Each structure stands twice: as structure tokens, then as C-alpha cells.
Amino acid sequence: MKIIFATGNKNKLNEIRAIMDGYGFDIVTSKDEGIAADPEENGESFEANALIKAKAVYELSDRRSVVMADDSGLCIDALNGEPGIYSARFMGHDTSYDIKNAELLKRMMNVPEEERSARFVCAVAAVLPCGREVTVCEAMEGRIAHSIAGENGFGYDPIFFLPEFGRTSAEVSEQAKNLISHRGKAIRHMLAVLNEELPL
Ligand code: ITT
């Protein structure tokens, strides 16, 4: 069974491929399929935006494969949930994550330890060949670190501290992150739903 994943984010795609490894799906991107869809992500939730991305590619596909999309981001409680659904667009889409992370640490400078809670959220949407839409959403809880640390992962990983590991999600291995991450949980949740829904 082929899954067309509607993402242009290579880091996400690497994680998704690793998480889905061994389930027997052939994962291709919309670009691999020659589908150029760049819908406006104007939903008000991660789920809504994931569905917008999946539906835009489904509409242009041959409707024989499952189309999936991931919408994710970092929600910081002390910043009223920001950057949230605007995580990719925060300070501009093309601004480097060194700059974005430094800015968030600055905004969190005087926030005490007990108020530094945050979570990575990941919604995964799927449109099945019959047109049925499914969305799931999962989170990984943590805290905003006091400084940037780690080279693994991507995006906001260097400032996301995992208390149970005593390090940031950019300091743990890809395998360790995928076991506990918002994306790992959401993809596995979606695969369990598909297992029920699809005539495999
Ligand atoms: P697509 O829409 O093409 O999939 P995107 O990068 O625009 O790619 P999103 O709109 O879902 O994707 O934005 C997610 C942003 O949230 C991403 O660019 C990162 O900045 C951040 N993010 C999400 N998951 C993350 C993770 O596991 N580690 C670090 N940062 C993450």
C-alpha cells in the first residue's frame, strides 16, 4: 500500500520514514508524485491544517493511495501557547532556527522553572482512497531549556528539554525521540486507525 505524504519538510519526512519503517508501506512524497500543492494553512488548529494539506494533495492525486499530512508545532504555556500553529512561520518561514530559538529563550528569560512547561503537538491527517478523512493528534510534554543544546533533530528541538532524559530532544538519538515524540505517537495512532479502516 502506497502512502503519499504531503510534506515539503525533509526533517519531518526522515522521522516519518523511520517511524513507519517495518510496517510495509511504500512512502512517497507529493513531489515524488509530481503533485505541486501549496494550500494556505489557514485553519485554526493543528488538525485543521493537517487536513487542509492532505486534502489539497488528495484532490490532485489519482485517488488510489492514502494521502497523509503532518501539522505540528511547539506550544509554550508561558507564551499563551505560542508559537503553536504558527511555529513554521514564527519570525518568518526562512529565518534560521538559531535566531528563532534565541528569540524564544529571550522571551522566556525571566520565567521561573515551574512555569516553563511546553509541548510539541503533532496532528496527522489522512484522506483514504474512498475520500474518508481521519485526523489524530498527539503531544510530547517537556520544558523550555535555558540555553540551546544538541545537534540532532531539527527546528525547536535544541530548546525543548525532556525532564525524563535530562537533556533536550536535540541531544537524544533519533530512535529515542521517535519512541516518545508527538510525531511518533501520532503516526502510530494513525497506523492503528488505518489498520482498522483499510482492506489490507
Ligand atoms: P510541511 O507543512 O510541508 O509539512 P512545515 O515545516 O511548514 O512543513 P508545519 O507547518 O507543520 O510544517 O510546521 C511545523 C514546525 O514546527 C516545524 O517547521 C518546526 O519548526 C516545528 N516542529 C514540529 N515538529 C518538530 C520537532 O519534532 N522538532 C522540532 N521542531 C518541530
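In case you missed it, the structure is sitting above this.
Residues numbered from 1 in each chain as written. Predicted model: local features only at pLDDT ≥ 70, side-chain atom pairs only at ≥ 80, totals over all residues. Heavy atoms only, no water.

1. Side note on the nonpolar core
Ranked by internal contacts, the top residues of the largest apolar core, which has 23 residues, are F5, M20 and M68. Those elements giving two or more residues to this core turn out to be β1 (2-5), α1 (10-20), β3 (66-76), β5 (117-127), β6 (133-144) and α5 (182-197). Top contributing element to this core by residue count: α5, with 6 residues. Setting aside its immediate chain neighbours within four residues, M68 contacts I3, I4, F5, A6, M20, A54, V124, A125, A126, M190, L191 and L194. (Core = buried A, V, L, I, M, F, W, Y, C linked by side-chain atoms within 4.5 Å. Buried < 20%, exposed > 50% of the residue type's maximum accessible area, 1.4 Å probe, protein only. Helix = DSSP H or I, 4+ residues; strand = E, 2+ residues; numbered from the N terminus. Contact = heavy atoms within 4.5 Å.)

2. Concerning the environment of N80
Take N80: it is sitting in the loop between β3 and β4 (82-83). With relative accessibility at 75%, the residue N80 sits in the exposed group. Along the sequence, N80 and C122 sit 42 residues apart, while their C-alpha atoms lie 18 Å from each other.

3. What about the site of the ligand?
Within the structure, the ligand sits among 22 residues, and T7, K12, K53, Y97 and K177 are positioned closest to it. Between an oxygen atom of the ligand and a main-chain N or O atom of G8, the distance comes to 2.8 Å. Between the ligand and D71 there is a distance of 3.3 Å, counted from an oxygen atom to a side-chain nitrogen or oxygen. No other element matches β3, which puts 4 residues into the shell around the ligand. (Near = heavy atom within 4 Å. Polar contact = N/O pair within 3.5 Å; in protein donor to acceptor, adjacent residues only side chain to side chain.)

4. A short note on α1
For α1, the complete set of buried residues consists of K12, L13, E15, I16, I19 and M20. Buried residues of α1 fall within an arc of 165 degrees about the axis and therefore sit on the same side. Contacts made by the buried residues of α1 are with β1, β2 (26-29), α2 (46-60), β3, α4 (174-180) and α5. G22 lies just past α1 and shows a positive phi near 95 degrees. (Arc of directions from axis to C-beta.)

5. Here's the deal with the pattern of salt bridges
In this structure the tally under the stated criterion is 16 salt bridges. For K177, the salt bridge is made with D157, and the minimal N-O distance between the two is 2.8 Å. Taken together, the positions of K177 in helix α4 and D157 in the loop between β6 and β7 (160-162) put the pair 20 residues apart, joining distant regions of the chain. A single salt-bridge network, built from bridges that share partners, covers K12, E15, D70, D157, K177 and R183. (Salt bridge = Lys/Arg side-chain N within 4 Å of Asp/Glu carboxyl O.)

6. Points about α2
Because an α-helix completes one turn every 3.6 residues, residues spaced three or four positions apart along the sequence face the same direction. Look at α2: 22 Å from first C-alpha to last across 15 residues, which is about the 21 Å you get at 1.5 Å a residue. All of the buried residues along α2 are F46, N49, A50, L51, K53, A54, A56, V57 and Y58. Residues of α2 that are buried in the fold lie against β1, α1, β3, β5 and β6. (Expected span 1.5 Å × (residues − 1).)

7. Here's the deal with the environment of A176
Along the chain, the position of A176 falls in helix α4. Separated by 11 residues in sequence, A176 and F165 have C-alpha atoms that sit 9.8 Å apart.

8. Focus: the pairing of β6
Summarising the sheet, β5 and β6 pair through 11 bridges and their orientation is antiparallel. By the bridge assignment, R119 is partnered in β6 with E141. Hairpin geometry of β5 and β6 is characterised by an intervening segment of 5 residues between the two adjacent antiparallel strands and by a positive phi of about 100 degrees at G131. (Pairing = 2+ DSSP bridges.)

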